[in-house]
Amino acid sequence: MSVLQVFILAGVAILVNLLRNGRSLVLMGVSALAIYWLQPWQQPVNLTFWFPTLTLALVVVFWMITSAPEARDWKHNLGAVVILLVTVILVDLNRYIKIEEIFITDTPRVQAVIVALLGVGSIVFVLAYIKKLPPLWYGFAIVGLIVMLVFLKAPSVWENAFRIVAEIRGKEPAGVPVISWLGFSYVAFRLMHTALDRLAGRLPAVTLPEYVNYVIFFPSFTAGPIERLERFVRNTAEPIRLDSNGWVEAGTRLFRGLFKKFVIADGLAWFALSDFLVPGVQSVGWTWILLYAYSLRIYFDFSGYTDIAIGLAMLMGIRLPENFNAPYLKPNITQFWNSWHITLTQWFRSYFFNPLVRMMRSTEKPLQQWLMIFFAQASTMMLIGLWHGMTPGFLLWGLWHGLGLFIHNRWSEWTRSRLPAWVKTGKGEAVLRYSGVFLTFHYVTVGWLFFFLPDPATAWGTLLRLFGAA
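Quick notes on the rules
Residues numbered from 1 in each chain as written. Predicted model: local features only at pLDDT ≥ 70, side-chain atom pairs only at ≥ 80, totals over all residues. Heavy atoms only, no water. Salt bridge = Lys/Arg side-chain N within 4 Å of Asp/Glu carboxyl O. Helix = DSSP H or I, 4+ residues; strand = E, 2+ residues; numbered from the N terminus. Buried < 20%, exposed > 50% of the residue type's maximum accessible area, 1.4 Å probe, protein only.

(A) Focus on the pattern of salt bridges. Taken as a whole and judged by the stated rule, the model has 11 salt bridges. In this structure, Asp-307 and Arg-253 form a salt bridge, with 2.8 Å as the shortest nitrogen-oxygen distance. Here the residue Asp-307 occupies a position in helix 13 (residues 284-315), and Arg-253 occupies one in helix 12 (residues 244-268), the gap between them amounting to 54 residues. Exposure class is identical for Asp-307 and Arg-253. Each is buried. On the basis of relative accessibility, which here comes to 13%, the residue Arg-253 falls in the buried class. Overlapping salt bridges, with partners in common, bring together Arg-253, Arg-256, Lys-260, Asp-307 and Glu-322 in one network.

(B) Geometry of unusual backbone geometry. The step from Gly-224 to Pro-225 runs through a cis peptide bond, and the omega angle for that step is 5°. Examined against the element boundaries, Pro-225 turns out to sit in the loop between helix 10 (208-216) and helix 11 (229-237). One non-glycine residue, Ala-326, lies in the positive phi region at around 45°. Note on placement: Ala-326 falls in the loop between helix 13 and helix 14 (333-337). Residue classification places Ala-326 among the partly exposed positions, given a relative accessible area of 32%. Here the phi dihedral of His-341 falls at roughly 45°; this positive angle occurs in a residue that is not glycine. Relative to the elements of secondary structure, His-341 occurs in the loop between helix 14 and helix 15 (342-361). Judged by its relative accessible area of 1%, His-341 is buried.

The structure is reproduced here in structure tokens:
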């Protein structure tokens, strides 16, 4: 998002706050328009239209899959269906209206859009007559989302897919396509959360407007945090009526996010270490300095966007969960991951780490405790790495943090009864804390090399250079 877009969305958020009737439907319509407006241009250009449209289609289909029968009545959902249909058609008609400032004009022909809408409608019609889906259907739905994530996150996969399509059409591939499905990483996890909770029998019954607002809520659509459905629905149903202090708090949070993102993070981007700068930096000292700049830049960029999202939501009287809690000041890697991208960590803990540990413990011959911990932590962190991108670098970044968590776990167990008495004094605790902060920050900072350098060999070579070994 640009600064101008943030201010426009802030104005919209204030207007939504002032509404007393039809608030849910208005918020849904605004969020639906926003995902088109914020979607970046790409090649092929039609994808700029189809990706947001497919997002809306997935949301409606997953609502049909996960919704309770009592929540499907037309009285509470017909308005939402009409608004979504009108939104899609109006955006497509921009090929004739030609308001470039709002959206591209190279949208598909109306006939193609109508056919697509009829296809989605047919799926919804079939699902509407199924009172209770077999558990296998939820598995298929979740696997489908994972396949789509793999397709988008693995450059080689979609590059080969476009090459095959071009060959089928008898044309030469027109270069490497640019693919950016805005917000899908977060949309997919919200949809999977609802499918998994529905399968477990703990998903509350929600109407279509409530479900759509949860998945595509425009403040948190692009960069989180990843809210839980029941908490979000409760907060939107009972919004906070802002007094003067509330408006000040919301505005302060919004401007703090803008300052973090567009002043500090964008300023650091000028000299932060990157794949472009790495070959030209030979000094150990300058490599460290530029790497520090990258480490700070990624924090201020991501936490800045989170502050913007929380501030925009607060302008509507809605409180989103916190996503950062001074992670670089934590004394160990475990506390770091309890403070960095908190909602993502909690998602993986709830839906992967804890079930995996329970499954390993329930086997007839469970693994040794240390091996179980290593496997669970390493696999969880590698999945978090792959969530960012299906490349060897992200996989190694996840493994780096998985090893760090395992080492800290073993160190904590070993030192539990072996630390000398002076450690429990005020000075001893201070020494441990500050040394822990120093080591944790540097461990995380060095790990960023695998995150932003596309070639693991380059990342490893840069890591050796940091310590004068290359």
